[in-house]
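Residue-level structural notes
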Amino acid sequence: LTKSKAKVIVFDIMFDSPDHTSTFLEHHINKECADCSYSDEDEKFVQSILFAKKEGTEVVLASKVAKDINRIPQDYLVRPNKKIMKSNPKVGLVNQGMDNIDYTNRRYSILSKLSTEPNNYYLSLAVQSVLSYKDLSETTVKQDIKNNNIIIGDINIRAYNNEASLLINYYGPTSSIFGTFNTYPLSQVIDSKDYDLSSVEEDDNWIDKYINPNNFNYNRFGINKSPFKEKIVIIGSSLEEDNDFVLTPYYQYNETNNLMPGVEMHANAIQQIIDQDYLNVPTSSLKLTD
C-alpha cells in the first residue's frame, strides 16, 4: 500500500496483545535448537510502519477506552502493544455506541476522556485519520458552544446536541453489495511477484501493475492509476465470524436486509469530516414521538 502511494493506512484492528506465536517460540526455543529460527511478526509490523512513515505514508492504529468493574478506576486506555508502539504510529479510538431506540448506529464519537485524565482528549479513529490525511499535527481541541462545533487543529466538526459526537451522514448502504466505497480483498493488495497466493488461479500479481515498472501491464496502469494513490485506506474485517457489524439506517435498503461492516462506519465518518457534510437536526433529540 505504501508503494501504491496511499496517503494514510488505517487499521480497524486491535493489536493490543503480542503476537502469540512469536511469544510462544521466544520462550520455548532453547540453546540446543541451533538451527531453529522464527519471524517475530510484531517486529515485522514495526518495520513496515517505519517504512511507511519514511515514504510519507502515515499509519493509524486502533485503540479503545475499556471498562472493567473490578478496576479502580474502571476505565482505562487500550493501545497497541508496547513493541508496536515503538514505531510511534498514530492511534484513534474505535469505541462507538448505538441508539437505544432501535439499536441503529447514528452517532459517531469525536473524542473521549479518561476519568483519571480530565484534561487529556483521545481522538476517534476517523478524526485522527483525517488529521493525518491533512498533515495536521496540531490536535488542540476547542469547543464553539454557540455554533455547536468542535474544532481540532483546523478541522471544524459539527457536534450533535452539545455532545462529543456527530451524526453520521451515511453515503450509502454496504459497499460490498452496492459499491458505496471501493473495496479490495486483502489477497489482491498483497499479491505481488514476491508473494505467492495459495490459489494459482488468483495469483496474477494484481498489485504489480501499479507499483512494478517491470510488470507487463505497468504501462497501461502504473502508479498514477493506483486506486490507493493519495487515499485513506482502511483495513478491517468483513467476516461474519468476527462479529464486527453495525445496524445503519440503510439496513433495509432496496428491499434487502444488510448489516454494515464496522470498518465502513469509520469510512463514512472519515469521508463526512473531509467533505464537511453534516446533518442538521431540527430538534435536540433522536427519540421517536407519537
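In this report, we go over the structure that sits alongside the text. (Residues numbered from 1 in each chain as written. Predicted model: local features only at pLDDT ≥ 70, side-chain atom pairs only at ≥ 80, totals over all residues. Heavy atoms only, no water.)

Brief notes about the overall build of the protein chain
For clarity, the threshold we go by: Helix and strand definitions here come from DSSP, where helices need a minimum of 4 consecutive H or I residues and strands a minimum of 2 consecutive E residues; each element is numbered from the N-terminal end. In this scheme, a residue with accessible area under 20% of its type's maximum is buried, one over 50% is exposed, and one in between is partly exposed, where area comes from a 1.4 Å probe on protein chains only. Between two residues, a contact is recorded if the distance between any of their heavy atoms is within 4.5 Å. Residue exposure ignores everything except the shown protein chains as possible cover, and the areas themselves are Shrake-Rupley values with a 1.4 Å probe. Under the counting rule used here, the positive set is Lys and Arg, the negative set is Asp and Glu, and His together with the chain ends is not counted. A charged residue contributes its charge at one atom only: NZ of Lys, CZ of Arg, CG of Asp or CD of Glu.
The helix and strand inventory of the protein chain stands at eight helices and 14 strands. Each of the three principal axes of the protein chain carries a C-alpha extent, and together these read 70 × 50 × 35 Å. Here the protein chain holds 290 residues, and 38% of them are scored as buried. For the protein chain, long-range pairs separated by at least 24 residues make up 62% of all intrachain contacts whose partners lie at least 6 apart in sequence. Working note: accessible area of the protein chain is about 17,500 Å², and carbon and sulfur atoms make up 47% of it. A distance of 8 Å separates the average location of the 29 positive side-chain charges in the protein chain from that of its 40 negative side-chain charges.

Let's talk about the environment of glutamate 58
One can find glutamate 58 in strand E2 (residues 58-67). Along the sequence, glutamate 58 and isoleucine 9 sit 49 residues apart, while their C-alpha atoms lie 6.3 Å from each other. Discounting chain neighbours no more than four positions away, the residues touching glutamate 58 are Lys7, Val8, Ile9, Lys53, Lys90 and Ser132.

Things to note about the sheet that holds strand E9 (residues 149-152)
We count it as follows: When DSSP locates at least two bridges between a pair of strands, those strands are taken to pair. Axis lines are fitted to C-alpha atoms, over the contacting stretch for helices. Their N-to-C directions set the angle, which ranges from 0 to 180 degrees.
Pairing within the open sheet is antiparallel, and its three strands lie in the order E8-E9-E10. Whereas interior strands pair on both sides, the edge strands pair on one side only; in this sheet they are strand E8 (141-144) and strand E10 (155-158). For this sheet, the mean angle separating the axes of adjacent strands, direction not counted, is 25°. Judged from the four bridges that link them, E8 and E9 form a sheet pairing that is antiparallel. Bridged to aspartate 144 within E9 is asparagine 149.

Some words on the packing of aromatic side chains
The condition that has to hold: Here is the rule: rings of Phe, Tyr and Trp (six-membered ring for Trp) pair when centre to centre is within 6.5 Å. Planes less than 30 degrees apart are stacked, more than 60 are edge-to-face, and the remainder are tilted.
According to the stated counting rule, one finds 11 aromatic pairs in the structure shown. Taken together, a centroid distance of 4.9 Å and an interplanar angle of 55° make the contact between phenylalanine 15 and phenylalanine 45 tilted. Residue phenylalanine 15 is found in the loop between strand E1 (8-11) and helix H1 (20-28), and its partner phenylalanine 45 is found in helix H2 (residues 41-54); the two are separated by 30 residues along the sequence. Of the residues examined, phenylalanine 15 reaches a relative accessible area of 22% and is grouped as partly exposed. By relative accessible area, phenylalanine 45 is classed as buried at 15%. Taken together, the ring pairs connect Tyr184, Trp206, Tyr210, Phe221 and Phe228 into an aromatic cluster.

Digging into the pattern of salt bridges
To be explicit about the condition: Only one rule defines a salt bridge in this text: a Lys or Arg side-chain nitrogen within 4 Å of an Asp or Glu carboxyl oxygen.
According to the stated counting rule, one finds eight salt bridges in the structure shown. A salt bridge links lysine 83 to aspartate 40; the nearest nitrogen and oxygen atoms lie 2.6 Å apart. Placement of lysine 83 in helix H3 (residues 82-85) and of aspartate 40 in the loop between H1 and H2 is noted, with a sequence separation of 43 residues between them. Note that lysine 53 and glutamate 58 form a salt bridge whose closest N and O atoms lie 3.5 Å from each other. According to the relative accessible area criterion, glutamate 58 is buried, its value standing at 18%.

Quick word on the side chain of serine 22
What counts, and what does not: In protein, a polar contact means a hydrogen-donor-capable atom and an acceptor-capable atom, both N or O and within 3.5 Å, with residues adjacent in sequence counting only if both atoms are side-chain atoms; elsewhere, any N or O pair within 3.5 Å suffices.
Position of serine 22 relative to the elements: it lies in helix H1. Among the polar contacts listed, one links the side chain of serine 22 to the backbone nitrogen of glutamate 41, at a separation of 3.2 Å. What serine 22 contacts, discounting residues up to four positions off in sequence, is Tyr38, Ser39, Asp40 and Glu41.

Regarding the packing of helix H4 (residues 125-133) against helix H8 (residues 262-275)
The following threshold applies: Should an angle fall under 35 degrees it is taken as roughly parallel, and over 145 as roughly antiparallel, whereas 65 to 115 is taken as roughly perpendicular and any remaining angle as oblique. It is the rotation of the near helix from the far one that decides the hand of a crossing: anticlockwise by less than a right angle makes it left-handed, clockwise makes it right-handed. Polarity classes work like this: nonpolar for Ala, Val, Leu, Ile, Met, Phe, Trp, Tyr, Cys and Pro, charged for Asp, Glu, Lys and Arg, and polar for all others, with Gly in that last group.
Look at H4 against H8: their axes get within 9 Å of each other, and the N-to-C directions meet at 50°. Judged by the inter-axis angle, H4 sits oblique to H8. Every pair of crossing elements has a handedness; the one defined by H4 and H8 is right-handed. Contacts from Leu125, Ala126, Val127, Ser129, Val130 and Tyr133 in H4 reach His266, Ala269, Ile270, Ile273 and Ile274 in H8. Residue composition of the contact of H4 with H8, by class: nine nonpolar, two polar and no charged.

Quick notes on the side chain of asparagine 105
Within the fold, asparagine 105 resides in the loop between strand E4 (90-93) and strand E5 (107-109). Assessed through its relative accessible area of 4%, asparagine 105 is described here as buried. Beyond its immediate sequence surroundings of up to four residues, asparagine 105 is in contact with Gly97, Met98, Ile168, Tyr170, Val246, Leu247, Pro249 and Met265.

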